[in-house]
Amino acid sequence: MSTYPTTPSTHGGQAVGAPSKPGTLMAALVTTALAGLLGVINSVYVLVVGGKEVAGQLIANVAADVTGQDANELAVNAAKGIAGEALGDQVEGRAYLLLVPAALVLLFALMMNKASTGIRVTATIFAVITVAEAGWFSLDYGSAAPTLMAVTGWGAAIVGIVAIVLMWLPANGQYAKALKRA
């Protein structure tokens, strides 16, 4: 007999105890999906705006801090220079590196409805990769990153850590086991 709470339902006129979904599973699903979505938004932003333009803004923000000039005026020229070209390729490459695991985190979050251990393990693996990449890139770009890039990068890293913890709370494992027995 399961000690996990059940919700009575009927099946063929007889009462059947189906386990009720824990709130921790829904919290894990939402935070995992949010971490993946933030990582995808971060990557898509860089790819849509263009690596050279984002790199130009990064260079301009650093130069503006040092010289006191307007960052928007500096960004146009910075994107055209050799440093803008080289950094632009790196920024775009990083966007692709973050896009793939973040999209997979989002996909596996949507499949986590029944708390399957295999899905949670796979989601955890890609969430760890997303957290590591988003955190590393956000630290590397620092305060020079455009606002949307900084918010989505740090958001993906922080929410991803919360999601990993929530995925492995005992109630979720108990729910998955109760579903197998039901």
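Note that the structure is predicted; figures quoted are calculated from it, not measured.

### As for the overall build of the chain
Argument step 1. Looking only at helices and strands, one finds seven helices and two strands in the chain.
Argument step 2. Scanning the chain from its N terminus toward the C terminus, one meets helices and strands in the order β-β-α-α-α-α-α-α-α.
Argument step 3. Split into buried and exposed, the 182 residues of the chain put 42% on the buried side.
Argument step 4. Put simply, 73% of the contacts in the chain that link residues at least 6 apart link residues at least 24 apart.
Argument step 5. Surface summary for the chain: the accessible area is close to 9600 Å², and the carbon and sulfur share equals 68%.

### Thoughts on the side chain of Thr-152
Argument step 1. Summarising the element assignment, Thr-152 is placed in helix α6 (residues 147–167).
Argument step 2. Reaching out from Thr-152, the side chain makes a polar contact with the side chain of Asn-42 at a distance of 3.0 Å.
Argument step 3. Beyond its immediate sequence surroundings of up to four residues, Thr-152 is in contact with Leu-38, Ile-41 and Asn-42.

### Some remarks on the environment of Tyr-45
Argument step 1. Turning to its location among the elements, Tyr-45 is positioned in helix α1 (residues 23–49).
Argument step 2. Taking the C-alpha atoms as reference, Tyr-45 lies 8.6 Å from Ala-95; in sequence the two are 50 residues apart.
Argument step 3. Residues within four places of Tyr-45 in sequence aside, it is in contact with Gly-50, Val-54, Pro-146, Leu-148 and Met-149.

### Observations concerning the confidence of the model for the chain
Argument step 1. Averaged over all residues, the pLDDT of the chain is 86; the fraction at 70 or higher stands at 86%.
Argument step 2. When pLDDT is averaged over each element of the chain, α6 comes out on top at 97 and strand β1 (residues 6–11) at the bottom at 50.

### Quick word on unusual backbone geometry
Argument step 1. One non-glycine residue, Ala-115, lies in positive phi territory at about 60°.
Argument step 2. Mapped onto the elements of the fold, Ala-115 is located in the loop between α4 (82–110) and α5 (117–141).
Argument step 3. Overall, the relative accessible area of 0% leaves Ala-115 in the buried class.

Rules used in this analysis
Residues numbered from 1 in each chain as written. Predicted model: local features only at pLDDT ≥ 70, side-chain atom pairs only at ≥ 80, totals over all residues. Heavy atoms only, no water. Helix = DSSP H or I, 4+ residues; strand = E, 2+ residues; numbered from the N terminus. Buried < 20%, exposed > 50% of the residue type's maximum accessible area, 1.4 Å probe, protein only. Contact = heavy atoms within 4.5 Å. Areas by Shrake-Rupley, 256 points an atom, 1.4 Å probe, with all protein chains shown as cover. Polar contact = N/O pair within 3.5 Å; in protein donor to acceptor, adjacent residues only side chain to side chain. pLDDT = per-residue confidence, 0-100.

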